[in-house]
Amino acid sequence: MALFPAFAEEVTNKVEDSTKELDWLTNKSFQTRDALTLHDRFVERTIERTKESSVARDVSSGEQEGEEESYASSKKRKKKSEKKRKKKKKHKKKSGKYSDSSGSDSDTVYPSDLKREEEEDGSKLAPIASRFSWLDDLETPTEQQFCVDCKADPANWTYKSLYRGDVARYKRKGSSSLGLNSQRQGVSWEESEANKKQKNADKKKTADRYFSSVSRQQLRSEPPVPAIPTIPESSDATSPTPFLPLCNDEGGTGGQPGERGQILSVNPLGVYDSSTALWLQGKGLQDQTEPQNQDTQTETSETRLTGRTEDFNRRLREQPGDTQLWIEFIRYQDEVSATAFGGEEEQQGSDAAERRKSSYKAVLEKKLSIAERAVATNPSCVDLQQERLRICQELWEPSLLAKEWKKLVFLHPNSAPLWKKYLLFTQSYFSNFTVSKVNSAYGKCLSTLSAVRDGSMLSHPALPGIEEDMLDIFTQQCHFLRQAGHSEKAISLFQAMIDFTFYKPDSVQKLSTKQQVEFFEPFWDSGEARVGEVGARGWKAWMQQQERGGWLQPNAEEEEEEEEEEEEVKDRSQPRWTTWIDVESSREAAHWLPWRPDKAKGQSEEDCEDPDSQVLFDDIGPSMILLSSPELQFRLLLHFLSFLGLPVDSVLSAEPCQPGLLLENLSVLTQGNELSYPLTSSSLPDLGVNSVGHMTTLQRTRKWVGLGKQGEKFVTNVFSMVQPVLPAQHRAVLSLSWIQYEKLKVLRCLCCSNKKRLRSQGKSSKRIAKQLLKEPDNRSSLVLWREYAHLEWMLGNFDEACKVFSTASALGGAKGLRSSSLCELCLLWAQLEVENKGGSQGGGPSDVTTSPAVCVLTRLAEEGASSQSFSSSQPLSPVSILKARRSYEQALTAGLTALSQSTLDPEVNRKGEEDPLGEKLRLRGLVGCYALFQYLTMGIKAADLVYSQARERMEELHSTLKLGNEKAELSNVNASQSSGDSSHTNQRLVNRLASECEEIAVQHAALLRYHNNSSVFPLATLRLMLTSALSTWSDSAPLWRIYTQVENRYHSAGQARRFFHSVTRGNSRVLPRLFAIVAEQQRKLLVDAAQRSCIHDTALPILPENGLSNRICGLFENAIATELGSHCPLLWRMYMNFLVSEGKVDKAKGIFYKALQNIPWAKGLYMDAVQLFPAHLQEFVDLMTEKELRLRLPLEELDILLED
């Protein structure tokens, strides 16, 4: 017998002729035929066992499910489950893979038995099939279940690998690594629960991506403040370099000595980590520490928030009367909600939106409960009450909210800030808004505050500064009526207040406000001429004459003839909505004065054709207030002039309480875009507030440069009537405002490029300027001479302007650099000379001795210079230039030192009323002259150094003074009226100094931009200067205009966007957000123009999307989401026009209806809607009529005009 019986036949064939020495390797008792029969039998039984194994798999899967159910049961059933598992394992051994299915008692197989079975059965192996067939289609289950596919797959030639779906996924059972044994191994096509748990654990262990909830919470949370490690006491004190002690994290330095010794006994070499060492000790803490490591960052943020919440609770428990702490705790809930619900931001769909809404509402409910608890603890705190109502705006119905507001103002009638918030809510309450209701609310507010001011309301004392707050509310009421189209009522309010303030009879001076108003009513209803009308004499003169028997009415012959009315509809072929806008705007510009019956013609109140143009005393009587301070009386007059469109001093008139409500004009954003006057373009700043009579769409220009013929007569009558009752310093301010108004009209004519209108307006303005300079008080006023010379220069009369400049300079030549008015005059003269010469003067010309600007600035430094020396054409000597530089340096040092001393001296503050223009604090002229002198003689770096040093000193002084003023206001909360007046004086000083700093910054930026345009200059210097100035003076429109022009010129979008974001993030003002929008709109125009220029043959019907449109919409949405931006008419109107320009008409219509919920009083919004959505003209006109806005052209009258 062979050593390997299965291959004995092959061996026999090969060794037939071999010697007999190899006989010992054969087994003669074993036959080869028997071995082959045994192999065939083994193959047959293998096929049978394969079928049985499939049945066993089905049984095993059911057993595994039973095992999982038993594993999930309670601990009491553990023993039973273990017994069941043992029984199941035994069952597997009996009926599974290792048992023989033949049922024989012995596993021994004899060759004789195999031979006998082969002869009886005669079975043969089935041949392998040559084609595919489904298993269900087989006739007998014993047929061969595999086939040989000889057809090639073309996909294998194309692709580099098999399709992933054709690759089987399976998990092997058993530990064999060679092949797949059917007896001891199987294939599991389903993943077990243990594998699934392992995969989920691996996913949790992986690092979180940047957009995951954990990462977003980590970004939102504040980083913990690292603790500074201390040097151990055992360290060497003499060691020069301190060291940081390192902690043994694995061993745990904070444990007990016994535990540390036990860990060292398990881990003597220190090669195991802490978890392995604990596992070796048998403590079993490994599973507990793993989830803690996974959520370390989340727990850290939650722990920090919990700690802050506990700190708030502890402080509020110890200090329940700290109202500011309560407000901080209410605002803190937003941060808590951002951490708690931060993960929901990543979810999408309606369910996520509903969850976000519910979480936001839950936060509001929580904040409301805190606010109510704070109000219950501090019932007299108005700020907490306002915070509570602010939260309730999104929870309560408008009617319930209105009742709460009325209740609040009833409980605190002496709080002027609360009244302002209530009036703003009343204006924005669209469902119950009408002009008459809001106007009566203003009257009730002012009458209540007047009673508090007089002491008639004994339950509530008057707070400091109540008169100033009443004046702000009165001005806000007038602008509200103007924006709603009721210009006649606004003008009547100002007329009545000026008569009531400046022409009050002596007999009623000591009466209360209510009693004085009762005496004023007969004068108003008498039909006598009022302020601004021909023949007006005032309330006092009328009372005195009435006591004497009255005076005769003027004859009708003295009245001037009325001018013929022009035809209102000039082009009947235009659309109906265009005609309505044209006629409505023209009537608004022509008929803004209240209608008065002409008694000479026998007219009465019943003859009025338009009842809205007639103002009764009931409309204005409740709004009459008393102003005892001369400063506030003069401020009332300046507010009236500004209402008429005249430029006034911003410091004297004071900023309105809510400037965003008045912004309506695009000029505040676009003024100064032309570079024809680079140095003097900001001499007449535009505040963006429309004057009376200018009511039209956003893009439409003014009809007249002024107020029309009738309006100009009204202004002249106001000046002629008011000036005699004012002191000299106030008359000088009015004269300056009047001549600047004439200069503004000439500037508008220059922009219109209408030479005929410019010629006629120039003659009229020069005549008025000469009349003002002929008055005795104004003959030596350098301020008026400067404005007149500038007016001549704007009209093109350069020689005449130079004569005026030189004559005026000789008037104050004795004072030299000590006179701020003379410095400003020479600065304007030099700037005009530089602009006229163009870029040849920039950066220091070759011969500075022949420059007219250098000559003017040098003669200014020489005290006692005559008019001939200023106008002399002789070249300067280098010595005189050096002396002038030395004089400028000394004068600037002395001026800054004197400014520091005067602002901190209380005696100077008391004399502020004698110097309304702040001559002693004005350094803009001196700094500007010195910087321009250095620029023309040495270069831009020297001028930049002068401006930087002056700005640094003055801004530091301003911040110190402002901080001291805030501390004084906090200490004088319950002080007397005198202390309140002193605080207002200090505030006026702070405002004046802030105005100086802002003006110097504008000069600095204008000079750097001028040099940048005319010569090579690094942009970084200009950019750094603008960003530093705007960070301090974020409300400066001239600075923002220069910044946007510079950034759009160089297409640096990223840096500008980051700066705008940094400014608007911590600022609630509207102006920076408006300029951010304008900058993006200008950039979009450049990009669209560049895209159009790429194709010269055909124009692009639709420009490709570049993302700027979505960015601009996002800026608009962020702006209107703020409290101040939501009530800004200019912002909403710009948003509507932009959407329509982008073709999004439906969305623009939605923005219009959304704007109505915030600014329903703005008539300009309705006119824009008529222009943008002309098909809805009837709807918008009906809405204006319903809300009682002033409608001058009803649609029925429009149809009659079109028929005629």
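Quick caveat: nothing in here was measured; it's all calculated off a predicted structure. (Residues numbered from 1 in each chain as written. Predicted model: local features only at pLDDT ≥ 70, side-chain atom pairs only at ≥ 80, totals over all residues. Heavy atoms only, no water.)

(A) Layout of the overall build of the protein chain. Assigned secondary structure in the protein chain consists of 49 helices and 2 strands. Put simply, the protein chain has 1204 residues, and 42% of those count as buried. For the protein chain, restricting intrachain contacts to residue pairs at least 6 apart in sequence, the fraction spanning at least 24 positions comes to 69%. Taken as a whole, the protein chain presents about 68,300 Å² of accessible surface, with 52% of it coming from carbon and sulfur. (Helix = DSSP H or I, 4+ residues; strand = E, 2+ residues; numbered from the N terminus. Buried < 20%, exposed > 50% of the residue type's maximum accessible area, 1.4 Å probe, protein only. Contact = heavy atoms within 4.5 Å. Areas by Shrake-Rupley, 256 points an atom, 1.4 Å probe, with all protein chains shown as cover.)

(B) Main features of the side chain of R587. Along the chain, R587 turns up in helix 22 (residues 576-590). Among the residues examined, R587 registers a relative accessible area of 11% and is labelled buried. When sequence neighbours within four positions are dropped, the list of residues in contact with R587 reads E568, R1192, L1193, E1197 and L1201.

(C) Region of the structure containing a negative patch on the surface. Together, E518, E521, D525, E605, E606, D607, E609 and D618 make up a negatively charged patch on the protein surface. Here the element with the most residues in the negative patch is helix 20 (residues 513-525); it accounts for 3 residues. Tracing the chain through its elements places D607 in the loop between helix 22 and helix 23 (617-620). Among the residues examined, D607 registers a relative accessible area of 42% and is labelled partly exposed. (Patch = residues over 30% accessible without salt bridge, like charges linked within 9 Å, V, L, I, M, F, W, Y side chains within 5 Å. Salt bridge = Lys/Arg side-chain N within 4 Å of Asp/Glu carboxyl O. Lys, Arg positive; Asp, Glu negative; His and termini not counted. Charge placed at Lys NZ, Arg CZ, Asp CG, Glu CD.)

(D) Representation of helix 22. For helix 22, which comprises 15 residues, the first-to-last C-alpha distance of 21 Å matches the rise-based estimate of 21 Å (1.5 Å per residue) to within 8%. Among the residues of helix 22, T578, T579, W580, I581, V583, E584, S585, S586, R587, E588 and A589 are the ones counted as buried. Packed against the buried residues of helix 22 are helix 19 (487-502), helix 47 (1163-1172), helix 48 (1177-1186) and helix 49 (1195-1203). (Expected span 1.5 Å × (residues − 1).)

(E) Structural detail: the packing of helix 33 (residues 852-861) against helix 37 (residues 924-937). The contact between helix 33 and helix 37 brings their axes to 10 Å, and the two run at 135°. Accordingly, the angle class assigned to the pair helix 33 and helix 37 is oblique. Here helix 33 and helix 37 pass one another in a crossing that is left-handed. Together, A853, V854, L857, T858 and L860 of helix 33 and C929, L932, F933, L936 and T937 of helix 37 make up the contact between the two elements. Residue composition of the contact of helix 33 with helix 37, grouped by class: 8 nonpolar, 2 polar and no charged. (Axes fitted to C-alpha atoms, helices over the stretch in contact; angles between N-to-C directions. Parallel < 35°, antiparallel > 145°, perpendicular 65-115°, else oblique. Left-handed = near helix turned anticlockwise from the far one by under 90°. Nonpolar A, V, L, I, M, F, W, Y, C, P; charged D, E, K, R; others polar.)

(F) The side chain of H1004, seen in detail. Structurally, the position occupied by H1004 is in helix 39 (residues 977-1014). Owing to a relative accessible area of 2%, H1004 belongs among the buried residues under this scheme. If we skip the residues at most four places from it in the chain, H1004 touches D944, Y947, S948, R951 and M1025.

(G) Looking closely at the packing of aromatic side chains. Enumeration according to the criterion identifies 36 aromatic pairs in this entry. Consider the rings of F500 and F520, whose centres lie 5.6 Å apart with planes at 80°: the pair is edge-to-face. Residue F500 is located in helix 19, and its partner F520 is located in helix 20; the two are separated by 20 residues in the primary sequence. Across the pair, exposure class does not vary: F500 and F520 are buried alike. Judged by centre distance (6.1 Å) and plane angle (35°), the ring pair of F1116 and F1138 falls under tilted. Note that F1116 is positioned in helix 44 (residues 1108-1120) and F1138 in helix 45 (residues 1129-1141), a separation of 22 residues in sequence. Using a relative accessible area of 0% as the deciding quantity, one classes F1116 as buried. According to the relative accessible area criterion, F1138 is buried, its value standing at 6%. Site record: aromatic cluster; members linked through ring pairs are F500, F520, F523, W524, W539, W542 and F617. (Phe/Tyr/Trp six-rings, centres within 6.5 Å; stacked < 30°, edge-to-face > 60°.)

(H) Broad picture of the nonpolar core. If you look at the biggest cluster of nonpolar residues, it comprises 268 residues, and the most contacted ones within it are W580, L644, Y888, L1130 and M1134. The element that contributes the greatest number of residues to this core is helix 39, accounting for 13 residues. Those residues within four positions of L644 in sequence are excluded, and the remaining contacts are I491, W592, S691, V692, L707, F714 and V715. (Core = buried A, V, L, I, M, F, W, Y, C linked by side-chain atoms within 4.5 Å.)

(I) Quick look at the pattern of salt bridges. Using the criterion set out here, one finds 45 salt bridges in the structure. Here K540 makes a salt bridge to D506, at a shortest N to O gap of 3.8 Å. Here K540, found in helix 21 (residues 539-548), pairs with D506, found in the loop between helix 19 and helix 20; they are 34 residues apart in sequence, far enough to count as distant. On the accessibility criterion, D506 (57% relative accessible area) is exposed.

(J) Highlighting the packing of helix 15 (residues 398-411) against helix 16 (residues 416-428). At a minimum axis distance of 10 Å, the contact between helix 15 and helix 16 shows a crossing angle of 155°. Taken together, the axes of helix 15 and helix 16 are roughly antiparallel relative to one another. The crossing of helix 15 and helix 16 is left-handed. Across the interface between the two elements, P398, L401, A402, W405, K406, L408 and V409 from helix 15 touch L418, W419, K421, Y422 and F425 from helix 16.

(K) Structural view of a positive patch on the surface. A cluster of like positive charges, contributed by K403, K406, K437 and K444, occupies part of the molecular surface. Where the positive patch is concerned, the elements lending two or more residues are helix 15 and helix 17 (435-454). Within the secondary structure layout, K444 lies in helix 17. Using a relative accessible area of 54% as the deciding quantity, one classes K444 as exposed.

(L) Main features of unusual backbone geometry. Even without being glycine, E1188 reaches a positive phi, approximately 65°. Its place among the elements puts E1188 in the loop between helix 48 and helix 49.

(M) Helix 37, seen in detail. An ideal rise of 1.5 Å per residue puts 20 Å on 14 residues; helix 37 measures up with 20 Å between its terminal C-alpha atoms. With respect to burial, helix 37 is a largely interior element, 14 of its 14 residues being buried.

(N) Local environment of a nonpolar patch on the surface. A surface patch of nonpolar side chains, amounting to about 340 Å² of accessible area, comprises Y272, W279 and L280. By the element assignment, W279 lies in helix 9 (residues 274-281).

(O) A look at the environment of F433. By secondary structure assignment, the location of F433 is in the loop between helix 16 and helix 17. With 753 residues separating them in the primary sequence, F433 and E1186 have C-alpha atoms 9.4 Å apart. Setting aside residues up to four positions removed in sequence, F433 forms contacts with T426, Q427, V438, F480, P1160, W1161, K1187 and L1189.

(P) Quick peek at the confidence of the model for the protein chain. A residue-level look at the protein chain finds 70% of positions with pLDDT of 70 or above and a mean pLDDT of 78. Mean pLDDT across the secondary structure elements of the protein chain bottoms out at helix 10 (residues 286-294), with 46, and peaks at helix 45, with 95. Note that residues 247-255 has pLDDT below 50 and, in this model, 7 contacts with residues that lie over four places away or in other chains. Here residues 285-292 is a poorly scored stretch, pLDDT under 50, and it has 2 contacts once near neighbours within four places are set aside; other chains count. (pLDDT = per-residue confidence, 0-100.)

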